[in-house]
Amino acid sequence: MWHYEKRLQYPVKITTTNPKIAQLIISQYGGPDGELGASLRYLSQRYTMPSRKIAGLLTDIGTEELAHMEMISAMVYQLTKDLTPEEVQASGFAPYYIDHTTGVYPVAASGTPYSVMTFQSKGDAITDLHEDLAAEQKARTTYDNLLRLIKDPEICDPLRFLRSREITHYQRFGEALRLMQEELDSKNFYAFNPEFDKKPCK
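Cut-off values and rules
- Residues numbered from 1 in each chain as written.
- Predicted model: local features only at pLDDT ≥ 70, side-chain atom pairs only at ≥ 80, totals over all residues.
- Heavy atoms only, no water.
- Helix = DSSP H or I, 4+ residues; strand = E, 2+ residues; numbered from the N terminus.
- Buried < 20%, exposed > 50% of the residue type's maximum accessible area, 1.4 Å probe, protein only.
- Contact = heavy atoms within 4.5 Å.
- Areas by Shrake-Rupley, 256 points an atom, 1.4 Å probe, with all protein chains shown as cover.
- Lys, Arg positive; Asp, Glu negative; His and termini not counted.
- Charge placed at Lys NZ, Arg CZ, Asp CG, Glu CD.
- Core = buried A, V, L, I, M, F, W, Y, C linked by side-chain atoms within 4.5 Å.
- Patch = residues over 30% accessible without salt bridge, like charges linked within 9 Å, V, L, I, M, F, W, Y side chains within 5 Å.
- Salt bridge = Lys/Arg side-chain N within 4 Å of Asp/Glu carboxyl O.
- Phe/Tyr/Trp six-rings, centres within 6.5 Å; stacked < 30°, edge-to-face > 60°.
- Axes fitted to C-alpha atoms, helices over the stretch in contact; angles between N-to-C directions.
- Parallel < 35°, antiparallel > 145°, perpendicular 65-115°, else oblique.
- Left-handed = near helix turned anticlockwise from the far one by under 90°.
- Polar contact = N/O pair within 3.5 Å; in protein donor to acceptor, adjacent residues only side chain to side chain.

Caption draft 1: Structural view of the overall build of the protein chain. Assigned secondary structure in the protein chain consists of eight helices and zero strands. Ordered by position in the sequence, the α and β elements of the protein chain form the string α-α-α-α-α-α-α-α. With respect to the three principal axes, the spread of C-alpha positions in the protein chain is 65 × 35 × 30 Å. By the burial criterion, 48% of the 202 residues in the protein chain qualify as buried. For the protein chain, the proportion of contacts with a sequence separation of at least 24, taken over those separated by at least 6, is 77%. In the structure as shown, the protein chain presents an accessible area of about 11,100 Å², 54% of it carried by carbon and sulfur atoms. A distance of 5 Å separates the average location of the 23 positive side-chain charges in the protein chain from that of its 27 negative side-chain charges.

Written as structure tokens, this is what we have:
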């Protein structure tokens, strides 16, 4: 069970609409390396993780990713609210607008709708943790790309915060992988599935 605080994890206060930038940032909501996929990935993987400590970590980070999804959604909303039809046309936002008006919908910057095919829950601790490490690096790279293109400080500030959390999550998953390797009773922990072929770790 979660306790929901009615505030963003980090403040988002964008005062100028910019649908062009919204179309870029929305990729971190519904894109292939976005926050929606991250939250679903970790909250799905936790069930079969043989280490309770690592399962707890997946729950913690998966929950935080939901908060990041909320931040990205707030950014997209603030960048597109109160648009006129003329602004929609001039900005290139019309294709999105036709399908969703200014509702927040999970798509990539390319316009591709979100798909669960962007993440995996394999039921293998080593495999899943490596996927988690890669996911955090891919998300960090996406934030790097956004920050290279966006110069508005009101937008860059929350993006920098989100980027910093990807780095922290990468470090935490690195620690989790080392812990998992130490707990496995094998010199070659890549050769079997610890969640299926061996007794669970404590």
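Caption draft 2: Quick peek at the nonpolar core. Among the nonpolar cores identified, the biggest contains 32 residues, and I25, I72, M75, L79, I150, I155 and L159 are the most heavily contacted of them. Of all the secondary structure elements, the ones that give two or more residues to this core are α1 (19–25), α4 (52–80), α6 (94–100), α7 (125–149) and α8 (153–183). Counting residues per element, this core draws most heavily on α4, which supplies seven residues. Once residues lying within four places of it in the same chain are set aside, the contact partners of L79 are I14, T16, T17, N18, P19, I21, A22, I25 and I155.

Caption draft 3: Broad picture of a nonpolar patch on the surface. On the surface, L40, V116 and M117 cluster together to form a nonpolar patch covering roughly 320 Å² of accessible area. For M117, the location among the structural elements is in the loop between α6 and α7. The exposure class assigned to M117 is exposed, which follows from its relative accessible area of 72%.

Caption draft 4: Here's a closer look at the pattern of salt bridges. Considering all chains together, one arrives at six salt bridges under this definition. Ionic pairing is found between D33 and K138, a salt bridge with its closest N-O pair at 3.7 Å. Of this pair, D33 sits in the loop between α2 (27–30) and α3 (35–45) while K138 is found in helix α7, placing the two residues 105 residues apart along the sequence. Judged by its relative accessible area of 23%, D33 falls in the partly exposed class. By relative accessible area, which is 40% here, K138 ends up partly exposed. Linking D144 and R140 is a salt bridge whose minimum nitrogen-to-oxygen distance equals 2.5 Å. Placement of both D144 and R140 in helix α7 is noted, with a separation of four residues, approximately one turn of the helix. Grouping residues by exposure puts D144 and R140 together as buried.

Caption draft 5: Inspection of the packing of aromatic side chains at higher detail. A full pass over the atoms with the stated rule returns three aromatic pairs. Ring plane angle 50 degrees and centroid distance 4.9 Å describe the contact between Y42 and F173, whose orientation is recorded as tilted. With a gap of 131 residues between them, Y42 in helix α3 and F173 in helix α8 connect regions that are remote in the sequence. Residue class for Y42 comes out buried when judged on its relative accessible area of 0%.

Caption draft 6: Representation of the packing of α3 against α4 in the model. At their nearest, the axes of α3 and α4 sit 8 Å apart, and the two run at 160 degrees to each other. As judged from the angle between their axes, α3 and α4 are roughly antiparallel. Of the two possible hands of crossing, α3 and α4 adopt the one that is left-handed. Taking contact as the criterion, the partners of E35, L36, A38, S39, Y42, L43 and Q45 in α3 are, on α4, L58, T59, I61, G62, T63, E65, L66, H68, M69 and I72.

Caption draft 7: View of the side chain of D124. Its place among the elements puts D124 in the loop between α6 and α7. Although D124 is buried, it forms no salt bridge, and the closest oppositely charged side chain is K122 at an N-O distance of 8.7 Å. Here T127 takes part through its backbone nitrogen, which lies 3.2 Å from a polar atom of the side chain of D124.

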